[in-house]
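# Descriptive analysis of the structure
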Amino acid sequence: MRIVVAEDLYLLRDGMVRLLEAFGHEVVATATTGPETLAALLTWRPDVAIVDVRMPPAQSDEGLRAALAARAEVPGLPILILSQHVVQLYARELLADGAGGIGYVLKENVFDADQFIDSVERVAAGGTAMDPAVIAKLLSSGSSNRRLGGLTEREHEVLALMAEGLSNQAIAKRLFLSDSTIGKYTTSLFGKLGLTEDDDSNRRVLAVLAYLQEN
Amino acid sequence: MRMAGQVRDLTAQRADTTIAQAAEIRRIERDLHDGAQARLVGLGLALATAEKLMETDPDRARALMREARAGAATSLAELRELVGGITPPVLNERGLVDAVRAFALDGALEAEVVADGALRLDPPIEAAVYFGIAELMTNATKHAQATRARITLTHDGVGLVAEVEDDGRGGIRERDGGGLAGLRRRLAVFDGDLEVTSPVGGPTSVRMMVPCASL
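Residues numbered from 1 in each chain as written. Chains lettered and ligands numbered in written order. Predicted model: local features only at pLDDT ≥ 70, side-chain atom pairs only at ≥ 80, totals over all residues.

### Notes on the overall build of chain B
Each helix and strand in chain B was counted, giving six helices and five strands. From first element to last, N terminus to C terminus, chain B shows the α and β order α-α-α-α-β-α-β-β-α-β-β. Since a compact globule built from 215 residues should have a radius of gyration of about 17 Å, the 23 Å found for chain B marks it as more spread out than a globular shape. Overall, chain B is about 80 × 45 × 35 Å in size when its C-alpha atoms are taken along their principal axes. Looking at chain B as a whole, 28% of its 215 residues are labelled buried. When contacts within chain B are restricted to residue pairs at least 6 apart in sequence, those whose partners lie at least 24 apart make up 68%. (Helix = DSSP H or I, 4+ residues; strand = E, 2+ residues; numbered from the N terminus. Rg over C-alpha atoms; globule rule 2.2 N^0.38 Å. Buried ≥ 20, exposed ≤ 12 C-beta atoms within 10 Å, placed from the backbone. Contact = placed C-beta atoms within 7 Å.)

### Thoughts on the domain arrangement of chain A
All names here are of chain A. Domain annotation of chain A identifies domain 1 (2-130) and domain 2 (142-213). Taken residue by residue, the interface counts 10 residues in domain 1 and nine residues in domain 2. The set of elements that each furnish at least two residues to the side of domain 1 that touches domain 2 consists of α4 (88-95) and β6 (128-130). Here the side of domain 1 that touches domain 2 gets three residues from one element, more than from any other, and that element is β6. Of the residues belonging to the side of domain 1 that touches domain 2, the class tally is three nonpolar, five polar and two charged. (Domains from an automatic or database assignment. Nonpolar A, V, L, I, M, F, W, Y, C, P; charged D, E, K, R; others polar.)

### Some thoughts on helix α3 (residues 62-73) of chain A
Residue and element names in this part refer to chain A. Under the 1.5 Å per step criterion, the end-to-end length of α3 is 17 Å for 12 residues, consistent within 8% with the ideal 16 Å. Along α3, the residues classified as buried are Glu62, Gly63, Leu64, Ala66, Ala67, Ala70 and Arg71. Looking at the buried residues of α3, the elements they touch are β1 (2-6), α2 (34-44), β3 (48-52), β4 (79-83) and α4. (Expected span 1.5 Å × (residues − 1).)

### Quick word on the sheet that holds strand β4 (residues 193-197) of chain B
All names here are of chain B. The five strands are arranged β1-β2-β3-β5-β4 in an open sheet whose pairing can be described as mixed. Two strands in the sheet have a free side with no partner beyond their single neighbour: β1 (110-115) and β4. When strand polarity is set aside, the average angle formed by the axes of neighbouring strands in this sheet is 10°. Two elements, strand β2 (residues 148-155) and strand β3 (residues 159-166), share seven bridges in a ladder whose sense is antiparallel. Bridge assignment links Arg150 to a residue of β3, and that residue is Glu165. (Pairing = 2+ DSSP bridges. Axes fitted to C-alpha atoms, helices over the stretch in contact; angles between N-to-C directions.)

### Quick word on the interface of chain B and chain A
Facing 20 residues of chain B, the contacting portion of chain A comprises 14 residues. Going through the elements one at a time, α2 (58-86), α3 (89-94) and α4 (96-106) of chain B are the ones with two or more residues in the side of chain B that touches chain A. At six residues, α2(B) tops the list of elements feeding residues into the side of chain B that touches chain A. A per-class count over the side of chain B that touches chain A returns nine nonpolar, three polar and eight charged.

### Comments concerning the environment of A:Ile79
Residues and elements named next belong to chain A. Position of Ile79 among the secondary structure elements: in strand β4. On the neighbour-count criterion, Ile79 (28 C-beta atoms within 10 Å) is buried. The spacing of Ile79 and Leu89 is 10 residues in sequence and 17 Å in space, taken between C-alpha atoms. Each residue touching Ile79, except ones within four places of it in the same chain, is listed here: Ala49, Val51, Ala67, Arg71, Gly101 and Ile102.

### Observations concerning the nonpolar core
Formed by 98 residues in total, the largest nonpolar core has its most connected members in A:Ile81, A:Tyr104, A:Ala163, B:Val100 and B:Val129. Both of domain 1 (2-130) and domain 2 (142-213) of chain A provide at least three residues apiece to this core. In contact with A:Ile81, not counting residues within four places along its chain, are A:Val51, A:Val53, A:Leu64, A:Ala67, A:Leu94, A:Gly103 and A:Tyr104. (Core = buried A, V, L, I, M, F, W, Y, C linked by C-beta atoms within 7 Å.)

### Observations regarding the sheet that holds β3(A)
All names here are of chain A. Judged by pairing direction, the sheet is parallel, and its six strands sit side by side in the order β2-β1-β3-β4-β5-β6 without closing on themselves. Where the open sheet ends on each side, the last strands, each with one partner, are β2 (26-31) and β6. Ignoring strand direction, the axes of neighbouring strands in this sheet form an average angle of 20°. Judged from the three bridges that link them, strand β5 (residues 102-106) and β6 form a sheet pairing that is parallel. Looking at the pairing, Gly103 lines up with Ala129 of β6.

### With respect to the pairing of β1(B)
All names here are of chain B. Inspection of the sheet shows β1 paired to β2 by six bridges, in the parallel sense. Counterpart to Ala111 in the pairing with β2 is Ala149. Of the crossover connections in this fold, the one passing from β1 over helix α5 (residues 123-142) to the parallel β2 is left-handed. (Right-handed = clockwise from strand over helix to strand, strands pointing away.)

### Points about the environment of B:Arg94
Residues and elements named next belong to chain B. Following the sequence through the fold, Arg94 ends up in helix α3. On the basis of neighbour count, Arg94 is assigned to the buried category, with 23 C-beta atoms found within 10 Å. Put simply, Arg94 and Arg120 are 26 residues apart on the chain and 9.1 Å apart in space, counted from C-alpha to C-alpha.

So this is what it looks like as structure tokens:
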């Protein structure tokens, strides 16, 4: 895959490039400021970009803004946002266009290289990779809490993993259950939430995330 | 005479603030000392041992490296919590309005935020008002048993007016040494003021007013 890495801290940028190359991916460009990131995204139109939130010049949310601006120009341009902290507000902004190809995870996710690369590839394929911490917040906010009250503990757990962007097979593996068991849980929880089940797992995730974001 | 009284008041307020800040800094030092610093020592030890055992006992070396990785992830989580307590990251990245929006999304209350999006103030004032709103929202949930809240942020030409209204049971009284009195003192440092309307049975409305320019 052709990847752009936008990260202002040298150690992190260098480590990330080495990790991606070790997994056989090509880093076509790196960026260290917000404007550079936007330019790199639009020039290279990579298969996926890995972008830090906070970057120079102002050390505010330049990276996030560059990512949103690039996706406004190139709908669905796959972007994985890496950050020291995750907030629902940013997750909602990233997911708002409903186009998929979005990831938003904590930086320590890179510690588990296999899982991290899996997230990168999932986002590149138009899927989503949301940090469990973001999903936990989406699931526990005032309005979700009430609407999800009818779910069993297991259904809740399956919903959370689905919202992170995992497929049925991946959820089954994570929970040590069979694919067909997970299928039963998803059918039942979709029924309870009044959502139509979709065979396409990306569309399904987007439906779940859109549902959780409604107020 | 009146002026002497004001000077006494101000001196008392400054002293209060200094004591509170010193206590806060001590808490941060202790958290870093017992948390992240201790973990980094442990991490270094584990890595040194793993290096030593790499050839003679590769299994044990691998286990130690896994342990080190987990330790690094835990340190990051602790540091994130600590940093969040000093200033919420969104406050740095986006300013008061979005920080309050982010806070409202994460809370248990169903909260509506009405704000002038372009509002930017001096960082110390933004921080004081942010933590004030956070405290009022916590009170609304914990003490007033509110289910809904509305936060309004405006600039009336003289200064910032931040209002938190909730549908809780009301009857809130300001007591010496209580939370509201503390909030009043913290606002007084910026010549700000607090106005509480809370009839028994609710609703409660608390207004914070801080004279300042909008940046």
